[in-house]
Amino acid sequence: MESIGVLMTCPLHDPYLVEQLEKRFTLFKFHSIPDKAHFLNSNKASIRAVVGSASAGADAKLIHQLPNLEIVSSFSVGLDKIDLAKCRERGIRVTNTPDVLTDDVADLAIGLMLAVLRRLCQSDRYVRSGQWKRGEYKLTTKFTGKSVGIIGLGRIGLAIAKRAEAFSCPISYHTRAEKSDVKYKYYPSVVELAANCQILVVACALTEETRHIINREVINALGPKGVLINIGRGPHVDEPELVSALVEGRLGGAGLDVFQDEPNVPEELFGLENVVLLPHVGSGTMETRKEMADLVVGNLEAHFLNKPLLTPVL
Ligand SMILES: O=CC(=O)O
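Residues numbered from 1 in each chain as written. Predicted model: local features only at pLDDT ≥ 70, side-chain atom pairs only at ≥ 80, totals over all residues. Heavy atoms only, no water.

1. A look at the UniProt feature "domain: D-isomer specific 2-hydroxyacid dehydrogenase catalytic" (unreviewed entry) in the protein chain
Here is the rule: UniProt positions are given in the numbering used here, feature names are shortened, and annotations may be inferred rather than shown by experiment. A helix here means a DSSP run of H or I that spans at least four residues, while a strand means a run of E at least two residues long, and both kinds are numbered starting from the N terminus.
Mapped onto this numbering, the UniProt entry annotates "domain: D-isomer specific 2-hydroxyacid dehydrogenase catalytic" (unreviewed entry) at residues 8-313. Here residues 8-313 runs as 36% helix and 14% strand, with 19 Å between its end C-alpha atoms.

Here you go:
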């Protein structure tokens, strides 16, 4: 398989995945190639696979430039950086990394809820800066028993619900259609869900329908005591609306692992103590990233050995 060209389109800071790919294939690291047009002209014939992630995948332009592309193996569960319609049209296979990251992302969502309500980051800074010696930290807000609304009740949404239930949180949700196999309260509109919960979590896939699913109306419905948690994708949220709601006190707080234009985060958020900001680390544990890397490589191997894909999307 060494002669098979694999184009890694994202800057993957995962030495294990890079090592595993380099052992088996001819790996091209697209982000570190200065003249991309020249590179593609000279190497397009040998490239039969793309490895992408949540930050860069395979858009229509790239797919068009790779005439021999057979498979896109994504080091992510989200598929929003891959032009699935183009892949379908060209018969290009697509795989992702579901299940193995569910626990980590759900754990992080709960961590964000606790961190925002109990001001964990802020009180850590209080101790480090020596302020504790001058007085006790102020009172915060209880998490146990808060009502949690979840947008998207797939693997990750359900894992968040299960964890929040252990904190005695009543759960409600919004999805395109009501689910017959869950006992949680269903709201057919996001605004209604937001008006009826204290913590609203974005856990759905990013698609054209869910882009800006968190808009001004939803934020206002969640209100000055409500908290938004986003472990989905930045573009799920109308970010300028979120920033102004937080600055104006129309929203109670936010725990954000994802942003519109990563790694750029609106600086207006930096001074707010009711906000916790993370650098898109939902699946970022050594254990999970290894399992994800094994799936990326396993899917490529399966494809080139004509075996069934491990986690096929297309
Ligand atoms: O954001 C991370 C993923 O989609 O896996």
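2. With respect to the packing of aromatic side chains
For the record, the criterion: Pairing of aromatic side chains here covers Phe, Tyr and the six-membered ring of Trp, requires ring centres within 6.5 Å, and sorts the geometry by plane angle: under 30 degrees stacked, over 60 edge-to-face, intermediate tilted. Only protein chains enter the accessibility calculation, which uses a 1.4 Å probe; a residue is then buried when its area is under 20% of its type maximum, exposed when over 50%, and partly exposed in between. Our definition puts a charge over a ring when NZ of Lys or CZ of Arg is within 6 Å of the ring centre and also within 35 degrees of the ring normal.
Taken as a whole, this structure holds 6 aromatic pairs when the rule is applied. Between F30 and F39, the ring centres sit 6.1 Å apart and the planes meet at 50°, which makes this aromatic pair tilted. No difference in accessibility class separates F30 from F39, as the two residues are buried. A network of ring pairs unites the aromatic residues F28, F30 and F39 as a single cluster. Sitting over the face of the ring of F30, K36 holds its NZ or CZ atom 5.3 Å from the ring centroid. Above the face of the Y187 ring, K185 is positioned so that its terminal group lies 4.9 Å from the ring centre.

3. Section: the sheet that holds strand β5 (residues 93-95)
We apply this condition: Think of it this way: DSSP has to see at least two bridges between two strands before they count as a pair. Orientation is described by axes fitted as lines to C-alpha atoms, over the contacting stretch for helices, and by angles from 0 to 180 degrees between their N-to-C directions.
Ordered in space as β2-β1-β3-β4-β5, the 5 strands form an open sheet in which the pairing is parallel. Lying at the two open borders of the sheet, with one neighbouring strand each, are β2 (26-29) and β5. If you compare each strand with its neighbour and ignore which way they point, the axes differ by 20° on average. When strand β1 (residues 5-8) meets strand β3 (residues 47-52), the two strands line up parallel, connected through 4 bridges. Paired with G5 across the strands is I47, a residue of β3.

4. Points about the nonpolar core
Filter applied, for reference: To qualify as a nonpolar core, a set must consist of buried Ala, Val, Leu, Ile, Met, Phe, Trp, Tyr and Cys residues joined through side-chain atoms within 4.5 Å.
In terms of nonpolar packing, the biggest core is built from 56 residues, with I160 and I231 touching the most fellow members. Here this core gets 9 residues from one element, more than from any other, and that element is helix α5 (residues 102-117). Residues L193, C204, L251 and F259 belong to the second largest nonpolar core, which totals 26 residues.

5. Quick word on the environment of V182
For clarity, the threshold we go by: Any two residues whose heavy atoms approach within 4.5 Å at even a single point are treated as in contact.
Along the chain, V182 turns up in the loop between β7 (171-174) and β8 (185-186). Distance from V182 to R155, taken between C-alpha atoms, is 13 Å for residues 27 residues apart in sequence. When neighbours within four sequence positions are excluded, V182 is seen to be in contact with L153, L158 and Y173.

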